[in-house]
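Structure at a glance
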Amino acid sequence: MLYVILIVVLLAFVSVSNYIASRNMESESNAIVNDSIPITKTTNSLLTDLINQETGIRGYEITGIEQYLEPYTTGRKQLEEDLDNIRMYDKKYPTLQLIMDTQAIPAITNLQKFFDSQLELIRAGKFDEAKARTATGKTMMDRYRVIHTSIEKIIIQITENAYETSLKAGKTSRTITLVGGIIALIAGVLSLFISFRAIHAEEELRKSEESYRYMAESLETQNEEIIAQQEEQQVTLAKLSEREQDLELISSYQEKLTGYVELKDFLKHTLPALLNSLLQDAALVVMKRENAGTAPSYEVIHSIGYPKEHIQVHQKELFGPARRVFEEGTNLIHTRDVSGHEKGVHGGMTHAVDHYVPLHDDKQTVIGFLLLTSYQSSVFQENNQRLTKGLVRQFGLAFFAQVMNDERVKQAAHLAELNDELIAEKLLIEGQRDLIQNILESAHEGMMMCDSEGTILFSNHRMNRYFGLNERIGENLVACCHAIAAETTSFFGAAASIESLINGTHTHLTQRFGFVLDDQPQHAELYATVVSEDTEQQGYLFVFRDRTEEERVDEMKNEFISIVSHELRTPLASVLGFIEILLHRELPHDKQKKYMETIYKEAHRLSNLINDFLDLQRMESGRQLYHFSPINLLPTVQDIVDQWQDKQNHSIVVHQQEQELWVRADADRIRQVFHNLISNAIKYSPGAERVDIYLSAANGKIVAAVQDYGLGIPEEAHDQMFSKFFRVDNSDRRQIGGTGLGLAIVKEIVEGHNGQISYESQMGEGTTFRIEFEQYKLSSMEGKIVVFEDDDDLAKLIQIALTKLNLPSIQLRSAEEGIIALNRCKGEPILFIVDIHLEGVKNGWDFISDLSRHPMYYQTPVIVSTALDQPLDFHEKDIQKYLKKPFSMERLVQVAKNLLDNKKSNAYVFPAQDKDSLSSTLQRNGIDVLEMKENMDMIEVEIKKPKLDA
């Protein structure tokens, strides 16, 4: 009967399971449909990853800042993960795999290669080439978006097909389940008949089970005996394994006891092995240090396992077990409570057991001790005391051997140091000797030494060059001096003074004389010093100093004083003379005018001369200020040439290849340079009628050359052409006036502009002076935010803050640059951020005034920043101003965004300040105010639209 019931239950279970299977099939089909959601998310994520990479590359291309590459790096990494995720669906959906392999993957690979090449171009500084390829990247992204749309359509088709298939499968499964239920009922009826037949078979089985049970009990008894034997064998095997582990620990530990050069390496490797072998937690080694004349000290030379704050490395005295181990020389055990960090991270350690083990030398004297600490209940393995003692004793013997080896190494190192010190001392003495020799030989003065009797001991190469004394070392100095005086009569006085000094008649010697060397007149000064050691006189040191250059400088100074006196007195005499005539005589009006013009011309000449002196003094002292701004060199030079054209007999011709040559310079000082060069060219070409000026640009340089066809410059004067007060000494030039300051001033101005000056000259054919400046490239404002700021750091900060607007920006350092760029601008700028105090002569108000009158761009938004008082401890740099803005960078970005969103308003934005004073300032600068609105820390000023010229 039970068998029938089981059969019925089984058939019913089959029917139910079939029904559940059909429902599961529907749920699985629904799960297939749900696969489309992660596939869709993954494909969308692929597009997002590519867009992020493109955004990172574009941000880095615009700003050049590495932090903008973060979206690119993140997108690239996420792209690889998304590609791996979508490949999991390849086998399930062949159609999706086909479009991914043939279209999507190649397109993504091409985009990756394009992004990598763009990044390489930007890092190589090829920004123009990178920008030129931007359109290619956009085209490739558009192609991928088309492919992405195709993938989405395929996913939708896959979803619809899978859903229809799952519904059909569910219906079929339920039909099969119904048929299975009917079959189960038929099987149940048949099972009732079979159960009656099974009852008889069960009775026969019970009889056979009893016989089988007896046999099983006997087998179980035999199995228990076998298990007992196996347990005994396992215990024996465990003991053997434990012994084998002990032997491995001992072998490993013994291997680490030898082979170390230094004691610290020995302790670093052996103590951890010892702790592992003895199952200890911490250890340290203390050494006794004997001090000469004082009590011994104790040093912890190594520790492991203890908190650092519990270890005191140096101690003058020990107490308790540590002291007893030195006095008794035996092992000591001490139990103590733990505190502080020694309790462990979890605070579960409450007490510790310290084992003090003495360390002996070869005479069994205690030289230190080993401290082993256990934070457990026992010190050592209680069942293995002999092993423990053996390992500790081996450590003590190896430690003493290592200490002795360390001492030998230290002694060897000390001997090596002593040897090195001896060698170094020897080299030092030799070096000092050579140094003294080199000093004497390299000195600009000639030096010679003789003993107290006058015997020459030493002479350096300069003294030998003058008088050839190296060949007379060992001879009497007095005799040598008389021989020299016989050839050079001017040396007779010096020879007599040297003889008097050696004879003891004079106590010191200072003598000046002249002589001829290599057909050139020379001036010299000879003085002597007594060389003595303690109170014993060793000899005399004679120093021969060349005064030729000093005499030449004195001569130049006298000539300069003569020139200056003449140059100042000549115009001053003319001025005084004509004024005296005007004061004491009645003259016709035309003569009065002529005399007044002469007085004016001479006074102007006198003023220029004084200004040259003052300019040169300021330049040499570093107090000359330059107001840099962009200037076109062509009209500047042409204007200067026009001024000179009618004043002299020379014809000045300007040759240029370009129509514009822009440099960043101080306009007044550049004019001074060309005035001086043209003046020199005319002055030193009295027989010529022409001066040529060549202006050109090449390799980022502006080159200006002034060529005359006059006297030329002698070879010996080339090294001093740019020296102060230098004038070439030549009979042809004696009638040419001048102070020798013009070229010195030109050189100072050119170098102050980071330029270079040079010249080429040929006697009788003329001279060409050439100056070079860096070429200035005019900035373009089209479609950019323009930041007027001469502080580079602050300008960089503002530009970084403005990157939030995703708009390009440029920095201009002067109002002049902005005015020039504004007048040449062909497209509308986006926004102006103007600082009032700028680098050039003009300020921010000048630019704002020009902008307000511009017929096209007067509506461009402007944010004006002003400089407040400087802190007391702040020191300005030459080209850097302190600007304390009343608003943060976030506020600046917010105001800029508001202005850009409302470009129709003719408004300027100023920091909060006095409205009446601001209105007056704007009116003075030609800006008409319609309305002023105050908003938080800002003032918005509405300006009047300028009138357009016909």
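The following paragraphs examine the structure supplied in this document.

1. Description of the overall build of the chain
- The number of helices and strands found in the chain is 22 helices and 25 strands.
- For the chain, the proportion of its 950 residues judged to be buried stands at 39%.
- Taking contacts inside the chain between residues at least 6 apart in sequence as the whole, the part at least 24 apart equals 64%.
- For the chain, the accessible surface area stands at approximately 56400 Å², while carbon and sulfur atoms represent 53% of it.

2. Describing the nonpolar core
- Counting residues in each nonpolar core, the largest one holds 40 residues, and the members touching the most others are Leu 633, Ile 693 and Leu 695.
- In terms of residue count, helix H16 (residues 667-683) provides more of this core than any other element does, 7 residues in total.
- Ile 693 has contacts with Val 637, Val 641, Ile 652, Val 653, Val 654, His 655, Ile 678, Ala 705 and Val 706, leaving out every residue within four places of it along the chain.
- One finds Ile 39, Leu 69, Ala 104 and Ile 122 within the second-largest nonpolar core, a separate group that totals 34 residues.

3. Description of the environment of Leu 50
- You can see Leu 50 is positioned in helix H2 (residues 36-63).
- The buried category is assigned to Leu 50, whose relative accessible area is 0%.
- Along the backbone, Leu 50 and Gly 75 are 25 residues apart, and their C-alpha atoms lie at a distance of 6.6 Å.
- If near-sequence neighbours (up to four positions away) are discounted, Leu 50 is found in contact with Leu 79, Ile 108, Leu 111, Gln 112, Phe 115, Met 141 and Tyr 144.

4. Quick notes on the environment of Ala 443
- Assignment of secondary structure puts Ala 443 in the loop between helix H9 (385-442) and strand S7 (446-451).
- For the pair formed by Ala 443 and His 461, sequence separation is 18 residues and the distance between their alpha carbons is 9.4 Å.

5. Concerning the packing of aromatic side chains
- In total, this model carries 14 aromatic pairs according to the counting rule given.
- Aromatic side chains Tyr 356 and Phe 369 sit 5.6 Å apart centroid to centroid with 55 degrees between the ring planes, which places their arrangement in the tilted category. Highlighted residues: Tyr 356 in strand S5 (residues 351-360) and Phe 369 in strand S6 (residues 366-374), separated in sequence by 13 residues. Judged on exposure class, the residue Tyr 356 and its partner Phe 369 are both buried.
- Grouped by ring-pair contacts, the aromatic residues Tyr 298, Phe 326, Tyr 356 and Phe 369 constitute a single cluster.

6. A look at the sheet that holds S5
- Here 6 strands make up an open sheet; going across it, the order is S3-S2-S1-S6-S5-S4 and the pairing antiparallel. The open sheet has two edge strands with one neighbour each: strand S3 (314-315) and strand S4 (332-337).
- Along the sheet face, helix H8 (residues 321-328) touches strand S1 (282-289), strand S2 (297-304), S4, S5 and S6 and points at about 140 degrees away from the line of S6.

7. Quick look at the pairing of strand S22 (residues 862-865)
- The two faces of S22 match: Val 862 and Val 864 on one face and Ile 863 and Ser 865 on the other face are all buried.
- With 4 bridges joining them, strand S21 (residues 831-835) and S22 adopt parallel strand pairing. Its bridge partner lying in S22, Phe 832 is registered against Val 862.
- For the crossover that starts at S21, traverses helix H20 (residues 844-852) and ends in the parallel S22, the hand is right-handed.

8. As for the environment of Pro 272
- One can find Pro 272 in helix H7 (residues 263-278).
- It is 9.4 Å that separates the C-alpha atoms of Pro 272 and Gly 305, two residues lying 33 residues apart in sequence.
- Residues in contact with Pro 272, not counting those within four places in the same chain, are Leu 267 and Ile 304.

9. Thoughts on a nonpolar patch on the surface
- Judged by side-chain polarity, Leu 178, Ile 182, Ile 186 and Leu 190 come together as a nonpolar surface patch covering roughly 430 Å² of accessible area.
- Residue placement: Ile 182 occurs in helix H6 (residues 134-255).

10. Digging into the pattern of salt bridges
- This structure, assessed with the given rule, holds 19 salt bridges.
- Here Glu 299 and Arg 289 are joined by a salt bridge, their closest N and O atoms 3.1 Å apart. You can see Glu 299 sitting in strand S2 and its partner Arg 289 sitting in strand S1, a full 10 residues away along the chain.
- Taking relative accessible area as the criterion, Arg 289 reaches 28% and is therefore assigned partly exposed.
- Between Asp 639 and Arg 671 there is a salt bridge; the shortest N-O distance is 2.6 Å. Within this pair, whereas Asp 639 is found in helix H15 (residues 633-645), its partner Arg 671 is found in helix H16, the two being separated by 32 residues in sequence.
- We classify Arg 671 as partly exposed; its relative accessible area is 21%.
- Residues joined in a network through salt bridges with shared partners are Glu 317, Arg 323 and Glu 327.

11. Some thoughts on the sheet that holds strand S18 (residues 766-774)
- Sheet architecture is open: 5 strands sit in the order S13-S15-S16-S18-S17, paired in mixed fashion. Whereas interior strands pair on both sides, the edge strands pair on one side only; in this sheet they are strand S13 (651-656) and strand S17 (756-762). Within this sheet the neighbouring strands show an average axis-to-axis angle of 15 degrees, counted without direction.
- As defined by bridge partners, S17 adjoins S18 across 7 bridges and the pair is classed as antiparallel. Note on S18: the bridge partner recorded for Tyr 759 is Phe 769.

12. Considering a negative patch on the surface
- On the surface, Glu 217, Glu 220, Glu 224 and Glu 225 cluster together into a negatively charged patch.
- The residue Glu 217 is located in helix H6 in this model.
- Exposure remark for Glu 217: the relative accessible area of 48% places this residue in the partly exposed category.

13. Description of the side chain of Asp 791
- With respect to the secondary-structure elements, Asp 791 resides in the loop between strand S19 (785-788) and helix H18 (792-802).
- Arg 813 provides the closest opposite charge to the buried, unpaired Asp 791, separated from it by 7.4 Å.
- Here Leu 794 takes part through its backbone nitrogen, which lies 3.3 Å from a polar atom of the side chain of Asp 791.

14. Concerning the packing of helix H19 (residues 815-824) against H20
- Here H19 crosses H20 at 15 degrees, and the two axes come no closer than 8 Å. Our classification of the angle between H19 and H20 gives roughly parallel. Judged by the sense of rotation from one axis to the other, the crossing of H19 with H20 is right-handed. Contacts from Ala 815, Gly 818, Ile 819 and Leu 822 of H19 reach H20 at Asp 846, Phe 847, Asp 850 and Leu 851.

About the thresholds
- Residues numbered from 1 in each chain as written.
- Predicted model: local features only at pLDDT ≥ 70, side-chain atom pairs only at ≥ 80, totals over all residues.
- Heavy atoms only, no water.
- Helix = DSSP H or I, 4+ residues; strand = E, 2+ residues; numbered from the N terminus.
- Buried < 20%, exposed > 50% of the residue type's maximum accessible area, 1.4 Å probe, protein only.
- Contact = heavy atoms within 4.5 Å.
- Areas by Shrake-Rupley, 256 points an atom, 1.4 Å probe, with all protein chains shown as cover.
- Core = buried A, V, L, I, M, F, W, Y, C linked by side-chain atoms within 4.5 Å.
- Phe/Tyr/Trp six-rings, centres within 6.5 Å; stacked < 30°, edge-to-face > 60°.
- Pairing = 2+ DSSP bridges.
- Axes fitted to C-alpha atoms, helices over the stretch in contact; angles between N-to-C directions.
- Right-handed = clockwise from strand over helix to strand, strands pointing away.
- Patch = residues over 30% accessible without salt bridge, like charges linked within 9 Å, V, L, I, M, F, W, Y side chains within 5 Å.
- Salt bridge = Lys/Arg side-chain N within 4 Å of Asp/Glu carboxyl O.
- Lys, Arg positive; Asp, Glu negative; His and termini not counted.
- Charge placed at Lys NZ, Arg CZ, Asp CG, Glu CD.
- Polar contact = N/O pair within 3.5 Å; in protein donor to acceptor, adjacent residues only side chain to side chain.
- Parallel < 35°, antiparallel > 145°, perpendicular 65-115°, else oblique.
- Left-handed = near helix turned anticlockwise from the far one by under 90°.

Take it as geometry only, folks, not as evidence of what the structure does.
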